[in-house]
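Understanding the architecture of this molecule
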Amino acid sequence: MLDDRSAAVRPGGDRAVARGAAIRGAAGTEAVPPASPPRGRAGGALRRMPPFGAVLVGTVLAAVLLAAVCVRSGVATAAETLPPDATWQAIRGDIVGDAAITDGEGIVTVGAPYRADDAAVVPIDIAATLPGGRRVRTLTLVVDENPSPVAATFTFGEERPTLRLSTRLRINSYSYVRAIVEADDGTRYMTARYVKASGGCSAPALKDEEAALANLGKMKMRYPPPATPVPTAVVEPDGKPIMAQVMIRHPNYSGLQMNPVTMLYIPARFVTSIEVSQDGERLLSMEGGISLSEDPTIAFEFVPKSGDPLDVTAVDTEGSVFSGAFPLSDGAG
Amino acid sequence: MSGAVRRRGAALVVATALAAAALAAAGLRGPAAGAAETAAMAPLPVTELAPGVFAYQAPYALIAPPNRGAIANVGFVVGRDAVAVIDTGGSYAVGAALLAAIRARTDLPVRWVVNTHVHPDHLLGNGAFRAPGVTFVGHAKLARALSQRGAFYLEQSHRQLDPADAAATVIVPPDVAVADRMEIDLGGRTLLLEAHPTAHTDDDLTVLDAATGTWFLGDLLFVGHIPTLDGSILGWIAEMDRLAGRDVARVVPGHGPLGLAWPEALAPERRYLTRLAEAVRSEIAAGRTMSEAAARVGLDEATAWALFDEFNRRNVIAAYHELEWE
């Protein structure tokens, strides 16, 4: 046995789900969480991000208290009724300001498990095909209920009509995971998936800390073959896209992990940016935070500009810079 | 006593008590003193596998209020002068029920408590054994693993157990760290403790009763209960090869039937982990993502294991995370 980071192994959670299912069954309809919030201006409740330690301590205590209360009183009422997106309404202004958001259903897909198997490593697969000749400029991943909701923002140097990107996130509690794709004309498409997970930020994923720290900063690039063919209907005017997977060894300490003996939090240390370029031109840049899992990785599709290597540079909160050059042929196929 | 054995002071225990008090002050339920509130559990029904060697076979289950955390096998060995306990269960109440089972068999003092690894179902019963003259022993990496995970495990207890059981449960870190090997003398009877390289976890420790050839493998061996991967799949596979060559009379898995023949008992776990590694490698080579692999790998093992649905996908994720770096 390990622990209950998987929502599936939370006895309390399962009870709530079973009850919720029974209620839905009685009503004869399948409850589907709303995919996106109503358009329009967000409410005034802004969720500022105070200094790291303060917010983290507060959040952890709150989460612990909440967990203690919720379990005894029959768990997350959210699991029984439709999970409201009140949190999103509160943080929306901080993330996209007043910008209009278009429902991304059918345009942006978010592959995420309904129940996370390991809340510290939740694989997320994003795919998008934009209508009307629009091209993808940025992708923002948001985990509503995480202490720092914006998990990562990706900016594409090469703007293409399609997007494929996979990464792994920590999810701290039952939460919507949102992908917001911004097109070159400013249109924002958003799709959300509800994921049941708990403890992803406070649970150390480290399986062997010695090995992890010894390898800190080590990088690898893979060029995995496309497992699913790109839809033929998509016109790729610029050439044939391939996948690249950037991998960096880093514990990505969240600052939420506590040492029970000293009662001190293990200091946060995580990768804040990753940039991938070819021939001096940026292909992809990422700004991220504590929601990225240990050993951050990004797999993304791009059209090579040449046969030259990809250059990767990553920076963490201590200012350590990790970089490498990876020939396109390496690890291909 | 050979190998690097490091003494850790009582300071840790004091600090843990302080930590528990602080947790209580922060709104969590009370510290060790709450033990008194825990309704006693019947003594664990133990089996004498060989003269002086006892173990309790736990059900295949997740920690939940009805089982009170008794979901991992635990045991003890009685020497001429003293008793050694091997794992203590998933809550203070389970530890106390194990102590009651010991008291039903012998009046000799418990001198040693050995933890086979960091997982909560194996060591959250430690608190019931805390007393003058009792030494807690673990792998050299156990203390660090506990310092990283202990708070999370206690918090989790409040989700998984009844409040009184969770409140009584505390973290007791090891007093003695085993980096390689260590012998424990129970009086006319020697236990051999061996620290293993990263496999099921990074802090797996096994206990061999030399007199009877009974080998407590902790979670390096799962029988019936799906193996759970929290260390290194390649390390575990390599370690299984080494373990299989040992000549012992019987083994006690961390989960599953007691007193099994060796190395026959290892075959299902070896098959599962070997196939898991092969299948995950194929998925990675084929360009499938972690989530695609999690949905596809291991399904032909579904009927072979208890708790398959609870852990197989997570095993795939852990294996994928490791093997994509090959």
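Rules used throughout
Residues numbered from 1 in each chain as written. Chains lettered and ligands numbered in written order. Predicted model: local features only at pLDDT ≥ 70, side-chain atom pairs only at ≥ 80, totals over all residues. Heavy atoms only, no water. Helix = DSSP H or I, 4+ residues; strand = E, 2+ residues; numbered from the N terminus. Buried < 20%, exposed > 50% of the residue type's maximum accessible area, 1.4 Å probe, protein only. Contact = heavy atoms within 4.5 Å. Areas by Shrake-Rupley, 256 points an atom, 1.4 Å probe, with all protein chains shown as cover. Core = buried A, V, L, I, M, F, W, Y, C linked by side-chain atoms within 4.5 Å. Pairing = 2+ DSSP bridges. Phe/Tyr/Trp six-rings, centres within 6.5 Å; stacked < 30°, edge-to-face > 60°. Lys NZ or Arg CZ within 6 Å of the ring centre and 35° of its normal. Axes fitted to C-alpha atoms, helices over the stretch in contact; angles between N-to-C directions. Parallel < 35°, antiparallel > 145°, perpendicular 65-115°, else oblique. Left-handed = near helix turned anticlockwise from the far one by under 90°. Nonpolar A, V, L, I, M, F, W, Y, C, P; charged D, E, K, R; others polar. Expected span 1.5 Å × (residues − 1). pLDDT = per-residue confidence, 0-100. Polar contact = N/O pair within 3.5 Å; in protein donor to acceptor, adjacent residues only side chain to side chain. Salt bridge = Lys/Arg side-chain N within 4 Å of Asp/Glu carboxyl O.

Another aspect to go through is the overall build of chain A. Along its length, chain A carries 4 helices and 17 strands. Per-residue burial for chain A yields a buried fraction of 55% across its 333 residues. Considering only contacts within chain A whose residues lie at least 6 apart along the sequence, 73% involve residues at least 24 apart.

Moving on, we get to the overall build of chain B. Of regular secondary structure, chain B possesses 9 helices and 13 strands. Here chain B holds 326 residues, and the buried ones make up 65% of them. Put simply, 70% of the contacts in chain B that link residues at least 6 apart link residues at least 24 apart. In the structure as shown, chain B presents an accessible area of about 10,500 Å², 56% of it carried by carbon and sulfur atoms.

What follows is about the nonpolar core. Ile126, Leu139, Phe154, Leu163, Ile274, Phe300 and Leu310 of chain A are the most contacted members of the largest nonpolar core, which has 52 residues in total. Sequence-distant contacts of Ile126 of chain A, that is, excluding residues within four places in its chain, are made with Val108, Thr109, Val110, Leu139, Leu141, Leu163, Arg164, Leu165 and Ala179 of chain A. Counting residues in each nonpolar core, the second largest holds 45 residues, with Leu62, Leu229, Val248 and Leu307 of chain B among its members.

So, on to the sheet that holds strand S8 (residues 188-195) of chain A. Residue and element names in this part refer to chain A. The strand order across the open sheet built from 9 strands is S1-S8-S7-S4-S5-S14-S13-S16-S17, with neighbouring strands paired in mixed fashion. A single partner strand is all that each edge strand has here, and the edge strands are strand S1 (102-103) and strand S17 (321-326). Sheet analysis places strand S13 (residues 271-278) next to strand S16 (residues 310-316), joined by 7 bridges and oriented antiparallel. Bridging across to S16, Ser277 finds its partner in Asp311.

Before going further, it helps to spend a moment on the packing of aromatic side chains. By the definition in use, this model includes 7 aromatic pairs over all chains. Centroid distance Phe54 of chain B to Phe76 of chain B: 4.8 Å. Interplanar angle 15°. Geometry classified as stacked. Residue Phe54 of chain B is located in strand S3 (residues 53-56), and its partner Phe76 of chain B is located in strand S4 (residues 74-78); the two are separated by 22 residues in the primary sequence. Here the two residues Phe54 of chain B and Phe76 of chain B agree in accessibility, since each one is buried. Positioned above the aromatic ring of Trp325 of chain B, the side-chain terminus of Arg249 of chain A is 4.1 Å from the ring centre.

All names here are of chain B. Between helix H7 (residues 267-285) and helix H9 (residues 308-323), whose axes approach to 9 Å, the crossing angle comes to 55°. With respect to H9, the element H7 is oriented oblique. For the element pair H7 and H9, the recorded crossing hand is right-handed. In contact with Tyr272, Leu276, Ala277, Val280, Arg281 and Ile284 of H7, H9 contributes Phe308, Asn312, Asn315, Val316, Ala319, Tyr320 and Leu323. For the contact of H7 with H9, the per-class residue count stands at 10 nonpolar, 2 polar and 1 charged.

With that settled, the discussion passes to the packing of helix H6 (residues 233-244) of chain B against H7 of chain B. All names here are of chain B. Orientation of H6 relative to H7, taken along the N-to-C sense of each, is 150°, at an axis distance of 10 Å. As for the relative orientation of H6 and H7, their crossing is left-handed in sense. Taken together, the residues of H7 that come into contact with H6 (itself represented by Ile233, Leu234, Trp236, Ile237, Met240, Asp241 and Ala244) are Glu269, Arg270, Leu273, Thr274, Leu276, Ala277 and Arg281. Each residue belonging to the contact of H6 with H7 can be placed in one class, and the counts come to 9 nonpolar, 1 polar and 4 charged.

Our focus in this paragraph is unusual backbone geometry. With an omega dihedral of 5°, the bond running from Trp262 of chain B to Pro263 of chain B counts as a cis peptide bond. Among the secondary structure elements, Pro263 of chain B is positioned in the loop between strand S13 (250-255) and H7. For Asn252 of chain A, which is not glycine, the phi torsion reads 45° and is therefore positive. Here Asn252 of chain A falls in the buried class, since its relative accessible area comes to 0%. The phi torsion at Leu307 of chain B lies on the positive side, around 65°, for a residue other than glycine.

So, about helix H2 (residues 92-103) of chain B. Residues and elements named next belong to chain B. In this model H2 runs 16 Å from its N-terminal to its C-terminal C-alpha over 12 residues, within 8% of the 16 Å that 1.5 Å per residue would give. Restricting attention to buried positions, one finds in H2 the residues Tyr92, Ala93, Val94, Gly95, Ala97, Leu98, Ala101 and Ile102. Where H2 is buried, its residues meet S4, strand S5 (83-86), strand S6 (110-114) and helix H5 (163-168).

A few words now on the sheet that holds strand S3 (residues 122-129) of chain A. Residue and element names in this part refer to chain A. On the basis of which strands lie adjacent, the open sheet formed by 6 strands has the order S2-S3-S6-S15-S10-S9 and antiparallel pairing. Two strands lie at the open edges of the sheet, namely strand S2 (108-111) and strand S9 (219-222), each paired on one side alone. Adjacent strand axes in the sheet meet at a mean angle of 15° when their direction is disregarded. Inspection of the sheet shows strand S6 (residues 162-169) paired to strand S15 (residues 297-302) by 2 bridges, in the antiparallel sense. Across the sheet, the residue bridging to Ser166 is Ala299, located in S15.

Attention now moves to the environment of Pro84 of chain A. Note on placement: Pro84 of chain A falls in the loop between helix H2 (52-72) and helix H3 (86-96). According to the relative accessible area criterion, Pro84 of chain A is exposed, its value standing at 57%.

Per-residue confidence for chain A gives a mean pLDDT of 76, with 67% of residues at or over 70. pLDDT under 50 marks residues 7-80 of chain A. Its contacts with residues more than four places away, or in other chains, come to 122 contacts.

Residue and element names in this part refer to chain B. Summarising the element assignment, Asp209 is placed in strand S11 (residues 205-209). We classify Asp209 as buried; its relative accessible area is 0%. For the pair Asp209 and Val248, spaced 39 residues apart in the sequence, the C-alpha separation amounts to 9.6 Å. Not counting chain neighbours up to four residues away, the residues in contact with Asp209 comprise Val53, Val77, Arg189, Thr190, Leu191 and Thr214. A distance of 2.8 Å separates a polar atom in the side chain of Asp209 from a polar atom in the side chain of Arg189.

What follows covers the side chain of Arg168 of chain A. Tracing the backbone through its elements, the reader meets Arg168 of chain A in strand S6. We classify Arg168 of chain A as buried; its relative accessible area is 8%. Polar contacts involving the side chain of Arg168 of chain A include one to the side chain of Glu324 of chain B, which spans 2.6 Å. Every residue in contact with Arg168 of chain A, bar those within four places of it in the chain, is listed here: Val121, Val122, Pro123, Gln245, Ser291, Leu292, Ser293 and Thr297 of chain A together with Met290, Tyr320 and Glu324 of chain B.

Right, let's talk about the environment of Ala319 of chain B for a bit. All names here are of chain B. Tracing the sequence through the fold places Ala319 in helix H9. In this structure, the C-alpha to C-alpha distance between Ala319 and Met290, residues 29 residues apart in sequence, is 9.7 Å. If near-sequence neighbours (up to four positions away) are discounted, Ala319 is found in contact with Leu229, Ile233, Leu276 and Val280.

On inspection of all chains with the given rule, the structure shows 29 salt bridges over all chains. Between Glu324 of chain B and Arg168 of chain A there is a salt bridge, and its shortest N-O distance comes to 2.6 Å. Of the two residues, Glu324 of chain B sits in the segment after H9 while Arg168 of chain A sits in strand S6, which places them in two different chains. With respect to burial, Glu324 of chain B and Arg168 of chain A carry one shared label: buried. Of the charged contacts, one joins Arg288 of chain B and Glu283 of chain B as a salt bridge, the two residues approaching to 3.2 Å between their closest N and O atoms. Overall, the relative accessible area of 23% leaves Arg288 of chain B in the partly exposed class. Glu283 of chain B sits in the buried class, given a relative accessible area of 6%.

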